[in-house]
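Listed below are the residues making up each chain.
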Amino acid sequence: MHPSLDAVGVTFRFAGADAPALDDVSLRVDPGEYVALLGPNGAGKTTLIGMVTGLRVPDRGTVRVCGGDPTSARTRLRLGAVLQDTAFPRHLTVRELVEGAAVRSGVPRGRAAGVLEEVGLDDLARRRSGKLSGGQRRRLQLARALVADPALLVLDEPTEGLDAAARRDFWRNLTARRDAGMAVLLTTHIVEEAGAVADRVSVIAGGRVVADESPASLTGRLADRTVSVRTALPAAVVRDLPGVLRVEETAGRLVVVTTSPEAVVRRVLHDDPTAHDLRVEAASLEEAVMAATDRMSA
Amino acid sequence: MTTVDTPVTAATAATATRAPSTLALLGAEVRDELKQVYREPAALFFSVLMPVAFFAFFSAMFGGETAGVGGLPVGTTMLATFGAYGVLGATMLTPGIGLAEERERGWLDVVKVSPVPVPLTLLAKVVATLPYCVGILGAMTATAAALGVLRIGVGQWLLLLAALLVGSLPFALIGLAVGARASGNATTAVLNAFVIPMAIAGGLWFPLEMLPGWMGSVAQFLPTYHLSRLALGPLEGGAATGSIGHAAYLLGFAVVAGAVAAVAYRRPAR
């Protein structure tokens, strides 16, 4: 069986740009696997999504979706996508748009009703898309992408504009399809959300993949710990301690990122016996991603 | 949003979906285009009412004169010239502006990642203007009949309609070429700036004899002139031999316009 996505050595440079947007990027997503593409703005995530969806063609390297060329209509039968900044034809109704996606993908029109119920748009089926809220439009995009049961679903910032409850339901809907073999490639700025749903995170920085592993593995590799304590001590007291990477001082609280939390805790309690509300936490996925991208730029 | 146990099967995701036929895809695209057209009645004003109003105005003034081709009333020959104006406006503006707006709103990217080949979507936009064209010529015909200046058989009328529809293809391609690169507002402005001067210089509003002599010379090179001459063919009856030349000119122009549209569309937006 072909991988759902197999990108090998993808390189792409925008006209006039000094550096390539993507530089020898390889990424594989297997059936049923959920992979999050993370990285700072301008890292090349959306450019890579463009390659996967056939909107762009690499200068070098190959991109195959289910073994096929993503620029071909036949391959796109296997591909679903929720893209950023999409407005629908405003005079078509929700149902017409989802049924239309079904018909164009060669699946029965009747499948639309179930998907509309799945994403919670069944009550709005007769509403014209021009009258939907941002969150409703996002769900409509998802419904259109899901109606053909794609083998690979590409989600570019899919939960942008959704509130916390809607985001939770969004991911719950998708998780139900993992067992059916649907693979997901997603980008999101909400890193912890990616960590919760993805089997693997692929971190892109400067157009290169700088990490590609499970969220637990990525955070586990990071020795950084965050020490947070309410104290009257100034930041300068701990800034020069060995292992301290970053110190923030906000409203009577010191937040110290360090590879040696014991030294920080000892010093704070020695200098300020009234210090309280002390917490030592492992690195978050967001910090691990930042560390991976920092290593790249260092 | 609710969570529902949807009957998703591994087979549906893992096995190839049967591709719909080209005709089914085109039908779906045309259906959606038509729905949008008819749910936006304001568009009808500019596309249908304006050219018909112009036709009614000039027909009321000059339509009864028998200076038309083959001694026909001018009002009847104006079906060809004003019909050409109306049809070229509809086929050039509607698909071009529609493409520009869809591109701006990101919908074209959705189409590109769907199983529908983009040329089919563009073709659907042109096909969806055909009811407009029939409506325009039908309304002009009714107006001419009401004014008592209509002398045309059903067969001639159908040939006239066919000539207008086929002859409007290059204009649709020009509209798509502009719509592939410019914003919606810019496309509207550019195409309107093209339509009206080309209509006047091509003799669609006034006979070339009424215009300065140099304009008559220029007109020979304009596609609008050849569209109106092609449309006049069915009204001229036996004197229609020149139609082949006009059709050939329009075909050549369509090839050029199609090449420009293809380059405009394919040129990556970097």
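An unreviewed UniProt entry annotates chain B as ABC transporter permease of Phycicoccus avicenniae. Per UniProt, the comment on chain B under Subcellular location (unreviewed entry) is "Membrane".

The name given to chain A in an unreviewed UniProt entry is ABC transporter ATP-binding protein, and the organism recorded there is Phycicoccus avicenniae. Here is the UniProt Subcellular location (unreviewed entry) comment for chain A, exactly as written: "Cell membrane".

Below, the discussion takes up the overall build of chain B. Assigned secondary structure in chain B consists of 13 helices and zero strands. Along its sequence from the N terminus, chain B presents helices and strands in the succession α-α-α-α-α-α-α-α-α-α-α-α-α. Split into buried and exposed, the 270 residues of chain B put 50% on the buried side. When contacts within chain B are restricted to residue pairs at least 6 apart in sequence, those whose partners lie at least 24 apart make up 76%. Carbon and sulfur atoms make up 70% of the accessible area of chain B, which amounts to about 11900 Å² in all.

What follows covers the interface of chain B and chain A. Interface size is commonly expressed as the accessible area that is lost once the parts come together. Each partner contributes residues to the interface: chain B has 39 residues there, and chain A has 52 residues. Viewed at the interface, chain A and chain B are joined by five salt bridges. Between R39 of chain B and E96 of chain A there is a salt bridge, with the nearest N and O atoms lying 2.8 Å from each other. Inspection of the chain B/chain A interface yields ten residue pairs in polar contact (both at pLDDT 80 or more). Those elements that provide at least two residues to the side of chain B that touches chain A are α1 (10–14), α2 (22–38) and α5 (107–112) of chain B.

If you look at the biggest cluster of nonpolar residues, it comprises 64 residues, and the most contacted ones within it are L140, L142, L153, L155, L174 and L218 of chain A. The contact partners of L155 of chain A, leaving out residues within four places of it in the chain, are V82, L142, F170, W171, L174, V184, L185, L186 and T187 of chain A. In terms of nonpolar packing, the next biggest core, distinct from the first, is built from 50 residues, V74, A163, V195 and L250 of chain B among them.

With that out of the way, let us pick up the sheet that holds strand β1 (residues 5–12) of chain A. Within a sheet, each strand pairs with its neighbour through backbone hydrogen bonds, oriented either parallel or antiparallel. All names here are of chain A. Ordered in space as β2-β1-β4, the three strands form an open sheet in which the pairing is antiparallel. The open sheet has two edge strands with one neighbour each: β2 (22–29) and β4 (60–65). Strand-to-strand twist in this sheet, taken as the mean axis angle between neighbours without regard to direction, amounts to 15 degrees. Sheet topology places β1 next to β2; five bridges connect them, and they run antiparallel. Bridge pairing links F12 to L22 in β2. In this fold helix α1 (residues 45–52) packs onto β1, β2 and β4, with an angle of close to 60 degrees to the strand it touches most, β2.

Residue and element names in this part refer to chain A. Here strand β10 (residues 225–230) runs beside strand β12 (residues 253–258); their pairing, made up of six bridges, is antiparallel. When the bridges of β12 are listed, R225 appears paired with T258. Bridging between β10 and strand β13 (residues 276–282) involves five bridges; their strand directions are antiparallel. In the strand pairing of β13, V227 is matched with V280.

Another point: the confidence of the model for chain B. Residue and element names in this part refer to chain B. In this model, chain B carries a mean pLDDT of 85, and residues with pLDDT of at least 70 account for 90%. Confidence, expressed as mean pLDDT per element, reaches its minimum in chain B at α1 with 40 and its maximum at helix α7 (residues 130–147) with 93. Interface scoring of the predicted complex returns ipTM 0.80; its pTM is 0.81.

Attention now moves to the UniProt feature "transmembrane region" (unreviewed entry) in chain B. All names here are of chain B. Residues annotated by UniProt as "transmembrane region" (unreviewed entry) correspond here to residues 42–62, 82–101, 122–150, 156–178, 190–208 and 244–265. The distance separating the terminal C-alpha atoms of residues 82–101 is 28 Å; by composition the span is 100% helix and 0% strand. Across residues 244–265, helical content stands at 100% and strand content at 0%; the span's end C-alpha atoms are separated by 31 Å.

Residues and elements named next belong to chain B. Taken together, the side chains of F45, F46, L49 and M50 define a hydrophobic patch exposed on the protein surface, amounting to about 400 Å² of accessible area. Tracing the sequence through the fold places F45 in helix α3 (residues 41–62). Under the relative-accessibility criterion, F45 is labelled partly exposed at 42%.

Below, the discussion takes up the sheet that holds β13 of chain A. Residue and element names in this part refer to chain A. The four strands are arranged β11-β12-β10-β13 in an open sheet whose pairing can be described as antiparallel. Looking at strand neighbours, the two that pair on one side only are β11 (244–250) and β13, the edges of this open sheet. Pairs of neighbouring strands in the sheet enclose a mean axial angle of 15 degrees, with direction left out of account. Lying on the sheet, helix α10 (residues 261–271) is in contact with β10, β11, β12 and β13; it crosses β10 at an angle near 15 degrees.

With that out of the way, let us pick up the side chain of S4 of chain A. Assignment of secondary structure puts S4 of chain A in the segment before β1. In contact with S4 of chain A, not counting residues within four places along its chain, are V29, D30, P31, R64, V65, C66, A151, L152 and A183 of chain A.

Axis separation between helix α3 (residues 94–104) of chain A and α2 of chain B bottoms out at 9 Å; the angle between their running directions is 165 degrees. The angle between α3 of chain A and α2 of chain B places the two elements in the roughly antiparallel class. Once α3 of chain A is placed against α2 of chain B, the crossing between them reads as left-handed. Contact residues: E96, V103 and R104 of chain A in α3 of chain A; L25, A28, E29, D32 and K35 of chain B in α2 of chain B. In terms of residue class, the contact of α3 of chain A with α2 of chain B is made up of three nonpolar, no polar and five charged.

So, how was this worked out
Residues numbered from 1 in each chain as written. Chains lettered and ligands numbered in written order. Predicted model: local features only at pLDDT ≥ 70, side-chain atom pairs only at ≥ 80, totals over all residues. Heavy atoms only, no water. UniProt positions renumbered as here; feature names shortened; annotations may be inferred. Helix = DSSP H or I, 4+ residues; strand = E, 2+ residues; numbered from the N terminus. Buried < 20%, exposed > 50% of the residue type's maximum accessible area, 1.4 Å probe, protein only. Contact = heavy atoms within 4.5 Å. Areas by Shrake-Rupley, 256 points an atom, 1.4 Å probe, with all protein chains shown as cover. Salt bridge = Lys/Arg side-chain N within 4 Å of Asp/Glu carboxyl O. Polar contact = N/O pair within 3.5 Å; in protein donor to acceptor, adjacent residues only side chain to side chain. Core = buried A, V, L, I, M, F, W, Y, C linked by side-chain atoms within 4.5 Å. Pairing = 2+ DSSP bridges. Axes fitted to C-alpha atoms, helices over the stretch in contact; angles between N-to-C directions. pLDDT = per-residue confidence, 0-100. Patch = residues over 30% accessible without salt bridge, like charges linked within 9 Å, V, L, I, M, F, W, Y side chains within 5 Å. Parallel < 35°, antiparallel > 145°, perpendicular 65-115°, else oblique. Left-handed = near helix turned anticlockwise from the far one by under 90°. Nonpolar A, V, L, I, M, F, W, Y, C, P; charged D, E, K, R; others polar.

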